[in-house]
Amino acid sequence: MTSSTMRKPIRKAVFPVAGLGTRFLPATKAIPKEMLPVIDRPLIQYAVDEAREAGIEQLIFVTGRGKTAIVEHFDTAYELEHTMSGRGKHLDVLDATRIQPGNLVTVRQQVPMGLGHAIWCARAVVGDEPFAIFLPDEMMVGEPGGKGGCMKQMVDAYNEVGGNLISVLEVPQEEVSSYGVIAPGAKVTDALTEVVGLVEKPKVADAPSNLIISGRYILQPEVMRTLENQEKGAGGEIQLTDAMARMIGGQPFHAVKFAGRRFDCGSKAGFVEATLSLALERPDMADEVRAIMRRLLAES
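Quantities reported herein were computed from a predicted structural model and do not represent experimental measurements.

K.L.:
Requested: an account of the overall build of the protein chain, with residues and values cited.
P.N.:
The helix and strand inventory of the protein chain stands at 10 helices and 13 strands. In terms of overall dimensions, the protein chain has a C-alpha envelope of 60 × 50 × 40 Å along the principal axes. For the protein chain, the proportion of contacts with a sequence separation of at least 24, taken over those separated by at least 6, is 75%. Put simply, the protein chain shows about 15000 Å² of open surface, and 52% of that area lies on carbon and sulfur atoms. Seen as two clouds, the 33 positive and the 38 negative side-chain charges of the protein chain have centres 3 Å apart.

What follows is the structure in C-alpha cells.
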C-alpha cells in the first residue's frame, strides 16, 4: 500500500449503536441509550455533529433490534414540521437532524459479539476506503475557540501523517485496566505520538502507559480483513483493539491527544457531569442552573 493510498479523504464514519444500554435500565428498555438527551440533544446527535464538522459525508449506523428511533431522529418528521409551521414556529431547531438523502446507511449486528464484530458488520459499506469510528457513549467536546472537535483534530493529523490514528487521553494509572491502552513510540509533535503496541484492559502492573483509547478512530480498510479472522479476546468478545494491534508494524499508527474534554456518558455519573457542564455553558440557562446547583449543595 502506497502512502498516497493511506491518505485518501475520510468520507465515511461508522457508529456502533447496537448495544443494549443495560447500565441505564429501565430508561433504555424501550429507548436506545444513544437517544438519551444531554440537555436537548441526544447523544448520537453530538457524535454526528462532530463527524460533520470533520467533513465526513456518509454515516453508517451499526444497529440492532429496537434501535429504529435512532434512524427516525435523522428522518423528516412531516407531521411535526407541518404542525410547527402552522403555528408559526421556526424549524431551524431541527436543522442538525437533517441528513442528505443517501448519506445515512444502517446495517444490523444480529449478535452482541463486541466492538470489533460491530465494525466488521459495516465492511460492505466501508469498502476500500479509510473510515472513522465514533463511540457515541464517549462525548468529546472541543474547547471554545480551540482546534475544533476531536474528529476534526484527528482528520487534521491524518492529513499530515496518513495511516491509522487513535484518539487518546491520559488517566490515572490505577484506572488503565478499564480501557484499551497504547504503548507509545516516538513523538511527532506534542499532540501526535507513534503507537508501537496496544493492549485491551491490561492489569495495572502490565500497562505500557496511562494513555487510553478514547472512542475515536481513523482506520484503513485492511482492518476489516484482520477482523474477519480475529479470535475472541477480553470479555469473550471480538476486540477492535486486538485487531489493530496485529496491524501495527505493517501500517503507520499514531495517537492524537485530544485538546478538549471527554465525558463518559456510558456511566450515570458521567452523563450527569456532561449535562451539568454543557448547561453551564449555555447562555439561555447557565444562571438558572448555577443557582439550582448552589441551592442543592447548600441543602446537602
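K.L.:
So, the side chain of Q220: which residues are in play, and what are the values?
P.N.:
Note on placement: Q220 falls in the loop between β11 (211-219) and α7 (222-228). Reaching out from Q220, the side chain makes a polar contact with the backbone oxygen of G163 at a distance of 2.9 Å.

K.L.:
Now, about the nonpolar core: what can you tell me, with residues and values included?
P.N.:
F15, I44, I56, F61, F134 and M151 are the most contacted members of the largest nonpolar core, which totals 37 residues. At the level of elements, β1 (12-16), α1 (43-53), β4 (58-63), β6 (131-134), α6 (150-161), β8 (164-170) and β11 are the ones that each hand at least two residues to this core. Element by element, the count of residues in this core is highest for α6, at six residues. Setting aside residues no more than four positions away along its own chain, F134 makes contact with A13, V14, F15, P16, A47, E50, A51, I56, M151, G215 and R216. Counting 33 residues, the second-largest nonpolar core is a separate cluster that includes I166, L240, M244 and F253.

K.L.:
Any chance you could break down helix α9 (residues 268-279) for me, citing the residues and the numbers?
P.N.:
The end-to-end C-alpha distance of α9 is 17 Å, a good match for the 16 Å that 12 residues give at a rise of 1.5 Å each. Here α9 has its buried residues at G270, F271, A274, S277, L278 and A279. Those residues of α9 that are buried lie in contact with β2 (37-38), α1, β7 (138-142), β13 (260-264) and α10 (286-299).

K.L.:
I'd love a proper account of the environment of L240, names of residues and values included.
P.N.:
In this structure, L240 sits in helix α8 (residues 240-247). By relative accessible area, L240 is classed as buried at 1%. For the pair L240 and I166, spaced 74 residues apart in the sequence, the C-alpha separation amounts to 12 Å.

K.L.:
Please set out the pattern of salt bridges residue by residue, giving values where relevant.
P.N.:
Going through the model one piece at a time under the given rule, you end up with 20 salt bridges. Note that K33 is salt-bridged to D137, the shortest N-O span being 2.9 Å. Taken together, the residues K33 in the loop between β1 and β2 and D137 in the loop between β6 and β7 connect sequence positions 104 residues apart. Measuring nitrogen to oxygen at the nearest pair gives 2.9 Å for the salt bridge that ties R282 to D284. Taking relative accessible area as the criterion, D284 reaches 55% and is therefore assigned exposed.

K.L.:
So what's going on with the packing of aromatic side chains? Residues and values would help.
P.N.:
If you walk through the whole model with that rule in mind, you get four aromatic pairs. Ring-pair connections join several aromatic residues into one group, and the members of that group are F15, F61, F74 and F134. Lying across the ring of W120, R123 places its NZ or CZ 3.7 Å from the centre.

K.L.:
Give a detailed account of unusual backbone geometry, specifying residues and quantitative values.
P.N.:
The step from L25 to P26 runs through a cis peptide bond, and the omega angle for that step is 5°. With respect to the secondary-structure elements, P26 resides in the loop between β1 and β2. For I39, which is not glycine, the phi dihedral falls at a positive 65°. Position of I39 among the secondary structure elements: in the loop between β2 and β3 (41-42).

K.L.:
Pulling in residues and values, what's your account of the pairing of β8?
P.N.:
With six of seven residues buried, β8 lies mostly within the body of the structure. Bridge analysis of β8 against strand β12 (residues 253-257) gives five bridges, and the strand direction is parallel. Residue I166 lies in a different strand from β12, and its bridge partner there is A255. Across five bridges, β8 lies against β11 in antiparallel orientation. The residue of β11 that forms the bridge with L165 is I218.

Conventions used here
- Residues numbered from 1 in each chain as written.
- Predicted model: local features only at pLDDT ≥ 70, side-chain atom pairs only at ≥ 80, totals over all residues.
- Heavy atoms only, no water.
- Helix = DSSP H or I, 4+ residues; strand = E, 2+ residues; numbered from the N terminus.
- Contact = heavy atoms within 4.5 Å.
- Areas by Shrake-Rupley, 256 points an atom, 1.4 Å probe, with all protein chains shown as cover.
- Lys, Arg positive; Asp, Glu negative; His and termini not counted.
- Charge placed at Lys NZ, Arg CZ, Asp CG, Glu CD.
- Polar contact = N/O pair within 3.5 Å; in protein donor to acceptor, adjacent residues only side chain to side chain.
- Core = buried A, V, L, I, M, F, W, Y, C linked by side-chain atoms within 4.5 Å.
- Buried < 20%, exposed > 50% of the residue type's maximum accessible area, 1.4 Å probe, protein only.
- Expected span 1.5 Å × (residues − 1).
- Salt bridge = Lys/Arg side-chain N within 4 Å of Asp/Glu carboxyl O.
- Phe/Tyr/Trp six-rings, centres within 6.5 Å; stacked < 30°, edge-to-face > 60°.
- Lys NZ or Arg CZ within 6 Å of the ring centre and 35° of its normal.
- Pairing = 2+ DSSP bridges.

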